[in-house]
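The residues making up each chain are set out below.
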Amino acid sequence: MSESYQPAAQTLQWLERIVVGLNLCPFAAPVIDADALEIVVSDAVGTRALLDDTVSQLQRLQTHSAAAIETVLIVFSHDLGDFEDFLEFTAFADEAIDALSLRGEFQLASFHPHYQFDGLSESARENYTNRAPWPMLHVLREHSVSKAISAHPDTASIPERNQQLLSNMSDAAWRTLFCD
């Protein structure tokens, strides 16, 4: 793991401007405000090293309370630039949750600079709901996800709302947020 400033700073800026700023995730701001989110930069290269870093973060999160560390973003700064490679690695990381008997305790969300939903063109604005400045995995606590879902009036509408928000954004607003 690295203390690399640029990927961490760019990720935090993305969280503040896009994720929280556009309210793409209504659960993000309280975690950030409580300083319970950690951004960890992995300089690893190659599947084994990337997986080792991911497993290390899963185990570290398991040993800390949610009050200390609610969630972790693992930012991959030197590998996984290819989206297909990233998807393949994400499947391996998810399998690691099973191998460590952590299913039901943790889940993963994925973000990538070239994220593309099936059936959408590469340039579709809807893809930006999962686009981030760096390839990254978000390690979430299942208990926290369940708690957030039960407190929200309609979590099922969040993805559609986000896609509509981005699709309907003016070109000027779009350029300000995503092209600057």
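Now for a quick tour of the structure. (Residues numbered from 1 in each chain as written. Predicted model: local features only at pLDDT ≥ 70, side-chain atom pairs only at ≥ 80, totals over all residues. Heavy atoms only, no water.)

**A few points about a negative patch on the surface**
- A contiguous patch of negative charge, built from Asp 82, Glu 84, Asp 85, Glu 88 and Asp 118, is present on the exposed surface.
- With a relative accessible area of 54%, Glu 84 lands in the exposed category. (Patch = residues over 30% accessible without salt bridge, like charges linked within 9 Å, V, L, I, M, F, W, Y side chains within 5 Å. Areas by Shrake-Rupley, 256 points an atom, 1.4 Å probe, with all protein chains shown as cover. Salt bridge = Lys/Arg side-chain N within 4 Å of Asp/Glu carboxyl O. Lys, Arg positive; Asp, Glu negative; His and termini not counted. Charge placed at Lys NZ, Arg CZ, Asp CG, Glu CD. Buried < 20%, exposed > 50% of the residue type's maximum accessible area, 1.4 Å probe, protein only.)

**Focus: the nonpolar core**
- Counting residues in hydrophobic clusters, the biggest one holds 24 residues, and the most contacted among them are Phe 76, Phe 89, Leu 137 and Val 139.
- With 6 residues, the top contributor of residues to this core is helix α4 (residues 83-99).
- Among all residues touching Phe 89, those that are not within four sequence positions of it are Thr 47, Leu 50, Leu 51, Thr 54, Phe 76, Leu 80 and Leu 137.
- The next biggest cluster of nonpolar side chains, apart from the first, holds 22 residues, and it includes Val 19, Leu 73, Phe 111 and Leu 177. (Core = buried A, V, L, I, M, F, W, Y, C linked by side-chain atoms within 4.5 Å. Helix = DSSP H or I, 4+ residues; strand = E, 2+ residues; numbered from the N terminus. Contact = heavy atoms within 4.5 Å.)

**Describing the packing of aromatic side chains**
- Summed over all chains, the structure comprises 8 aromatic pairs.
- For the ring pair Phe 76 and Phe 89, a centre distance of 5.5 Å and an interplane angle of 80° mean the geometry is edge-to-face. Residue Phe 76 is located in strand β2 (residues 71-76), and its partner Phe 89 is located in helix α4; the two are separated by 13 residues in the primary sequence. Here the two residues Phe 76 and Phe 89 agree in accessibility, since each one is buried.
- Aromatic ring contacts, followed pair by pair, group Phe 83, Phe 86, Tyr 115 and Phe 117 into a single cluster.
- For Arg 131, the ring lying beneath its charged end belongs to Tyr 128, and the centroid distance is 4.6 Å. (Phe/Tyr/Trp six-rings, centres within 6.5 Å; stacked < 30°, edge-to-face > 60°. Lys NZ or Arg CZ within 6 Å of the ring centre and 35° of its normal.)

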